[in-house]
Structure formats: C-alpha cells, structure tokens
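Overview (structure and organization)
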Amino acid sequence: MTTVGFIGSGHIGGTVARLAVAAGYDVVLSNSRGPETLKELVDELGPKARAATAAEAAAAGDLVIVSVPLRAYREVPVRPLAGKTVLDTNNYYSQRDGAFPELDDDSTTSSELLQRHLPDAKVVKVFNNIYFVHLAALPRPAGSPDRSALAIAGDDAAAKNEATAFLDRIGYDALDAGALVDGWRFQPGTPAYGGLYAGGNENFWESPGAPADAATLQAKLDAAQR
Ligand SMILES: NC(=O)c1ccc[n+]([C@@H]2O[C@H](COP(=O)([O-])OP(=O)(O)OC[C@H]3O[C@@H](n4cnc5c(N)ncnc54)[C@H](OP(=O)(O)O)[C@@H]3O)[C@@H](O)[C@H]2O)c1
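Computed from a predicted structure; not experimentally measured.

Let us look at the overall build of the protein chain. Along its length, the protein chain carries nine helices and eight strands. Compactness check: the protein chain gives a C-alpha radius of gyration of 16 Å against a globular reference of 17 Å for 226 residues, within 12% of the reference. For the C-alpha atoms alone, the extent of the protein chain along its principal axes is close to 40 × 40 × 35 Å. In the protein chain, which comprises 226 residues, the share counted as buried stands at 51%. Split by element, the accessible area of the protein chain, about 9,900 Å² in all, is 51% carbon and sulfur. Positive and negative side-chain charges of the protein chain, numbering 20 and 28 respectively, have mean locations separated by a distance of 3 Å.

Written out as structure tokens, the structure is:
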C-alpha cells in the first residue's frame, strides 16, 4: 500500500500526512474549500503529496484518514470508500459540532456513526485522543524504549491489522482497544484522552509531549467510566 487519502487536512490530518510522507507514503490531501487552498501544505510536503477534492482523495487512497469536525461526517464521500479501511480521528464536542442526542445519551459512539454512514468501509478509530503537537513529537523507530502506543478500535480484524501496520511505519505501536462500540474508552473526558501524552504536565498546551507505552495506555483504558 502506497497512497494515503485524507478527508480533512487540518491540525490532525495535516500532522498525520507529514508523518506518512516522512515514512515513505504518497498522500492525497483534501479539505472543504478545494485543492487550491492546500497549496502551502502540498509545497511543504513535496513531490509525494498532491491535493484533490474529497471524493478524489477517497478514491485515490489505499487507506483513507477521515479528520473533519464531526458535524461534517455526513459529507464524507461514501461510494469511493467502499471496501476500504478508514481511519477515523474524530471527536464529538457539542459546542463545536451541535447536539447529537445519540452521543449525549451514550447510545452510540462517534466512530459508529461514521461506520453507519460508510456501511461498506471498514472504520478504525485512532488518533482521536492525542493532541496534534504531541502526535508530531512522539514517533519513534520500532523497538525504541520510549515508543508510544496509540489505541485502535474497530470491527474488522484485517482493517485493524492495516491500521497497526500504518502506525508502525509512522512511528507508533498499536494497542487493540476492541470493537468500535468500545471506542468510548478513549473519547473526550476519559483518562486516556489527551493528557496521557502530555506526561501529566499541568500545562497541557505547553507540554512538548511525553511518551506513553501500551501498559500505561491500557491502564487508562481500563479506568474509563461512563
Ligand atoms: N486538533 C487536534 O489535536 C486533534 C487531535 C485528535 C483528534 N482531533 C479530532 O479530529 C478532527 C479534526 O480536527 P482538527 O483539529 O484537525 O480540525 P481542523 O484543524 O479544523 O481541520 C479540519 C479539516 O477538515 C476539513 N473539512 C471540514 N469539513 C469538510 C468536509 N465536509 N469535507 C472535507 N473536508 C472537510 C477542513 O477543511 P477547511 O479548512 O477547508 O474547512 C480541515 O482541513 C476533529 O473531530 C477533532 O476533534 C483533533
């Protein structure tokens, strides 16, 4: 697999794209305003990057990252993603996204909503619980003692294997946190969300990022309560 498509190329999508290019992938970026508005990022990333429409990025990607504000999830192109593994970085913030009653009452999760919207894709929840600055700072080669682990949740074993291989190549271990229905364990407000990769730094926003291994992450996932 050589090409990663991006639906959304902002803070987190853009950061994953930088890591992907550094790891040797080709990337196709997209946003809501059109390819011409991504020129700066494409120029920064060099010849392995190009910008396209969201539908084109979805079609071009062997693996596709969805990283838009959750309120826009129904605009993610459906048909070109059929059969593909889709990595979902999204979180629900009602102040930003508007109210989703089915998320407010915990009857489902944000990644399950995306999976319902993309019935023929294989959605894996990942990257949602790490601040983009820390995501950029913490990649390490396989086997490094200070390599961090990221949680993945999904319903398809092959898609989780693909997500694990991608994470490995960009510098992270993967920790299988279960099915999509288990993704709440690292959604906003849980112990595994955000601060884990800030090393308990009191000033989260100023933390340069701190490694968190699989055992540390697992303990936070186990401590999650609804
Ligand atoms: N920021 C973080 O550190 C972080 C970490 C983990 C997870 N997340 C989650 O990841 C998601 C993205 O966050 P972000 O911080 O990267 O947001 P962001 O910087 O605002 O970027 C959002 C991206 O989505 C694009 N977009 C919006 N609507 C779209 C549509 N209908 N079709 C295609 N692209 C669309 C935007 O394009 P335009 O600019 O053209 O509108 C932009 O490229 C959110 O759910 C967030 O909670 C964020």
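There is more to say, and it comes next.
In this section: the site of the ligand. What surrounds the ligand is a group of 23 residues, the closest being H11, S32, R33, E75 and F132. One nitrogen or oxygen atom from the main chain of I12 is found 2.9 Å from an oxygen atom belonging to the ligand. Take N31: an N or O atom from its side chain is 3.4 Å from an oxygen atom of the ligand. Protein coverage of the free-state accessible area of the ligand, which is 900 Å², stands at 81%. Residue composition of the shell around the ligand, grouped by class: nine nonpolar, eleven polar and three charged.

Within the element layout of this structure, D88 appears in strand 5 (residues 85–88). Despite its burial, D88 pairs with no opposite charge; the closest candidate is K125, at 5.0 Å N-O. Only 2.6 Å separates the side chain of D88 from the side chain of S111, close enough to count as a polar contact. Here D88 is in contact with V66, S110, S111, L114, V123, V124, K125 and V126, once residues within four sequence places are set aside.

Checked against the element boundaries, S111 lands in helix 6 (residues 110–117). With a relative accessible area of 0%, S111 lands in the buried category.

What follows is about helix 1 (residues 11–22). An ideal rise of 1.5 Å per residue puts 16 Å on twelve residues; helix 1 measures up with 17 Å between its terminal C-alpha atoms. Here the buried face of helix 1 lies against strand 1 (3–7), strand 2 (26–29), helix 2 (39–45), strand 4 (63–66), helix 7 (132–137) and helix 8 (157–170). Once helix 1 ends, the next one or two residues include G24, with phi positive near 105°.

Right, let's get into the pattern of salt bridges. Inspection of the entire model under this criterion finds nine salt bridges. Close ionic contact of D168 with R147 constitutes a salt bridge, the shortest N to O distance being 2.9 Å. A residue pair is termed long-range when its members are at least 10 positions apart, and D168 in helix 8 and R147 in the loop between helix 7 and strand 7 (149–154) qualify at 21 residues. Between K160 and D176 there is a salt bridge, with the nearest N and O atoms lying 2.9 Å from each other. A residue pair is termed long-range when its members are at least 10 positions apart, and K160 in helix 8 and D176 in strand 8 (residues 173–176) qualify at 16 residues. By relative accessible area, K160 is classed as buried at 11%.

This paragraph deals with the packing of aromatic side chains. Any aromatic ring pair is given by two values, namely how distant the centres are and how the planes are angled relative to each other. As enumerated under the stated definition, the model contains eight aromatic pairs in all. Between Y92 and F100, the ring centres sit 5.6 Å apart and the planes meet at 75°, which makes this aromatic pair edge-to-face. In this pair, the class of Y92 matches that of F100, namely buried. Between the aromatic rings of Y131 and W205, the centroid separation amounts to 5.1 Å while the plane-to-plane angle is 85°, which identifies the pairing as edge-to-face. Residue Y131 is located in the loop between strand 6 (122–125) and helix 7, and its partner W205 is located in the loop between strand 8 and helix 9 (214–222); the two are separated by 74 residues in the primary sequence. The exposed category is assigned to W205, whose relative accessible area is 61%. Connected via pairs of aromatic rings, a cluster forms that spans Y131, F132, F204 and W205. A cation over an aromatic ring shows up here: R169 above the ring of Y25, its NZ or CZ 3.8 Å from the ring centre.

What counts as what
- Residues numbered from 1 in each chain as written.
- Predicted model: local features only at pLDDT ≥ 70, side-chain atom pairs only at ≥ 80, totals over all residues.
- Heavy atoms only, no water.
- Helix = DSSP H or I, 4+ residues; strand = E, 2+ residues; numbered from the N terminus.
- Rg over C-alpha atoms; globule rule 2.2 N^0.38 Å.
- Buried < 20%, exposed > 50% of the residue type's maximum accessible area, 1.4 Å probe, protein only.
- Areas by Shrake-Rupley, 256 points an atom, 1.4 Å probe, with all protein chains shown as cover.
- Lys, Arg positive; Asp, Glu negative; His and termini not counted.
- Charge placed at Lys NZ, Arg CZ, Asp CG, Glu CD.
- Near = heavy atom within 4 Å.
- Polar contact = N/O pair within 3.5 Å; in protein donor to acceptor, adjacent residues only side chain to side chain.
- Nonpolar A, V, L, I, M, F, W, Y, C, P; charged D, E, K, R; others polar.
- Salt bridge = Lys/Arg side-chain N within 4 Å of Asp/Glu carboxyl O.
- Contact = heavy atoms within 4.5 Å.
- Expected span 1.5 Å × (residues − 1).
- Phe/Tyr/Trp six-rings, centres within 6.5 Å; stacked < 30°, edge-to-face > 60°.
- Lys NZ or Arg CZ within 6 Å of the ring centre and 35° of its normal.

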